[in-house]
Amino acid sequence: MHLPVLLAETLRYLKADNPDISVPRLFVDCTLGLGGHSERLLEVSPQHHVIAFDRDAEAIAIARERLARFGERFVPVHTDYRQIKTVLAELEAVRVEKHALPVAGILADLGVSSFQLDAPERGFSFRFNPGEQAPPLDMRMDRSRGETAAHLLNTLSERELADLIYQYGEEHAARRIARRIVTERDKAPLVTTAQLAELVVRAVHQKGHWRIHPATRTFQALRIAVNRELEGLEQFVADAIEMLASDGRLVILTFHSLEDRIIKQTFRFQAGMCRCPSNQPVCVCGAVPRVEILTRKAVPPGEQEIATNPRARSAKLRACRKL
């Protein structure tokens, strides 16, 4: 079962950990996964309601069954979190009276769940048991649409591949890896995670001893590209803040520096901090204080949580409060 990351901290920054049970409150979990965060939000108060999004239909089905005991207090929606304004507007017309509440808090956990990472057929990981068939290069969070990682690897030019791996994976050997990909796919299409992992090793690290597998950054880059993980993040933050009631909280969990940098800079802009060049005499960026930033620095998981759940080690939490 997927362990929700930074759970206690998330509840605290959402002001959901010590609730007034006489006051109904609505939360939006933008990345439901298997429902760990949503479950706890619903458990801490019988007055809490959760509308939850996920673009993975399989995860939605599992979470729906897991959280069925909460009845109408839990409303799952199969959609991308970046559609938050559209979805909440549509739900407004059909909500039962008890759900017609201002949004008290919004959560977005931008990581890939263990459910997805550990499912071989999803192709997110290059690790699989000896003797098993190598997983396909898929990497789609929503397997009902979009291009697979294999499609990108077999169709992008060498330069496009190098740029993708360098930009999204921060891989300094991106050009060597891209060159090797093109050489290998000319012989036969790349279709499995094993093929990609092996060619990356041959391109950058052939000794066979490493602390972090040489293909890690390349796999990250492809996953980000396939799922458009960095696209629309700034607009999502703006839309989420717009959907919040006054004094509502927005909590975002990130798992790599590219995401965290975007969230940090967007929070600063939403807090009214000008992002015009320092030599520009008049502000034209339109920065207006809409939120108060609650986390001066990103909040990391504690040592105990990392020991229990090693995949939490790269998590960072940032939170803000709508003015």
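These notes cover the structure that comes with them. (Residues numbered from 1 in each chain as written. Predicted model: local features only at pLDDT ≥ 70, side-chain atom pairs only at ≥ 80, totals over all residues. Heavy atoms only, no water.)

### Points about the environment of Ser 125
Alright, step 1. Mapped onto the secondary structure, Ser 125 falls in the loop between α5 (114-117) and α6 (149-155).
Alright, step 2. Along the sequence, Ser 125 and Met 139 sit 14 residues apart, while their C-alpha atoms lie 8.6 Å from each other. (Helix = DSSP H or I, 4+ residues; strand = E, 2+ residues; numbered from the N terminus.)

### As for the side chain of Arg 140
Alright, step 1. Residue position: Arg 140 is located in the loop between α5 and α6.
Alright, step 2. Side-chain polar atoms of Arg 140 contact the side chain of Asp 138, separated by 2.8 Å.
Alright, step 3. The residues touching Arg 140, leaving out its near neighbours within four places in the chain, are Arg 122, Phe 124, Arg 145, Gly 146, Glu 147, Thr 148, Val 226 and Asn 227. (Polar contact = N/O pair within 3.5 Å; in protein donor to acceptor, adjacent residues only side chain to side chain. Contact = heavy atoms within 4.5 Å.)

### Some words on the environment of Gln 304
Alright, step 1. Tracing the backbone shows Gln 304 in helix α13 (residues 303-308).
Alright, step 2. For Gln 304, a relative accessible area of 69% corresponds to the exposed category.
Alright, step 3. For Gln 304 and Ala 225, which are 79 residues apart along the polypeptide, the C-alpha to C-alpha distance reads 33 Å. (Buried < 20%, exposed > 50% of the residue type's maximum accessible area, 1.4 Å probe, protein only.)

### With respect to the sheet that holds strand β5 (residues 244-254)
In sheet architecture, strand pairing relies on hydrogen bonds along the backbone and comes in two forms, parallel and antiparallel.
Alright, step 1. Read from one edge of the open sheet, seven strands run β3-β2-β1-β4-β5-β7-β6, paired in mixed fashion. Each edge of the sheet is formed by a strand with only one pairing partner; in this case those strands are β3 (74-78) and β6 (291-293). Strand after strand, the sheet turns through a mean of 20 degrees between neighbouring axes, direction not considered.
Alright, step 2. As defined by bridge partners, β5 adjoins strand β7 (residues 316-322) across six bridges and the pair is classed as antiparallel. In the sheet register, Leu 253 faces β7, and the bridge partner there is Leu 317.
Alright, step 3. Relative to the sheet, helix α11 (residues 233-243) contacts β4 (103-109), β5, β6 and β7, its axis offset from that of β5 by approximately 145 degrees. (Pairing = 2+ DSSP bridges. Axes fitted to C-alpha atoms, helices over the stretch in contact; angles between N-to-C directions.)

### Quick look at the pairing of strand β2 (residues 48-54)
Residues in a regular strand project their side chains so that they alternate between the two faces of the sheet.
Alright, step 1. The buried fraction of β2 amounts to seven of the seven residues, a majority that puts the element mostly inside the structure.
Alright, step 2. Burial along β2 is two-sided: His 48, Val 50, Ala 52 and Asp 54 and His 49, Ile 51 and Phe 53, pointing in opposite directions, are all buried.
Alright, step 3. Each parallel crossover has a hand, and for strand β1 (residues 25-29) linked through helix α2 (residues 36-43) to β2 it is right-handed.
Alright, step 4. Inspection of the sheet shows β2 paired to β3 by five bridges, in the parallel sense. Note on β3: the bridge partner recorded for Ile 51 is Val 75.
Alright, step 5. For the segment spanning β2, helix α3 (residues 57-66) and β3, crossover handedness is right-handed. (Right-handed = clockwise from strand over helix to strand, strands pointing away.)

### Observations regarding the pattern of salt bridges
Alright, step 1. Here the structure, examined in full by the defined rule, presents 21 salt bridges.
Alright, step 2. Between Arg 55 and Asp 80 there is a salt bridge, and its shortest N-O distance comes to 3.4 Å. Taken together, the residues Arg 55 in the loop between β2 and α3 and Asp 80 in the loop between β3 and α4 (84-94) connect sequence positions 25 residues apart. In this pair, the class of Arg 55 matches that of Asp 80, namely buried.
Alright, step 3. Between Arg 261 and Glu 170 there is a salt bridge, with the nearest N and O atoms lying 3.9 Å from each other. Of the two residues, Arg 261 sits in helix α12 (residues 257-270) while Glu 170 sits in the loop between α7 (158-169) and α8 (174-187), which places them 91 residues apart along the sequence.
Alright, step 4. Overall, the relative accessible area of 30% leaves Glu 170 in the partly exposed class.
Alright, step 5. A network of salt bridges, in which partner residues are shared, links Glu 39, Arg 40, Glu 43, Arg 66 and Arg 69. (Salt bridge = Lys/Arg side-chain N within 4 Å of Asp/Glu carboxyl O.)

Don't take any of this as a statement about function, it's just geometry.
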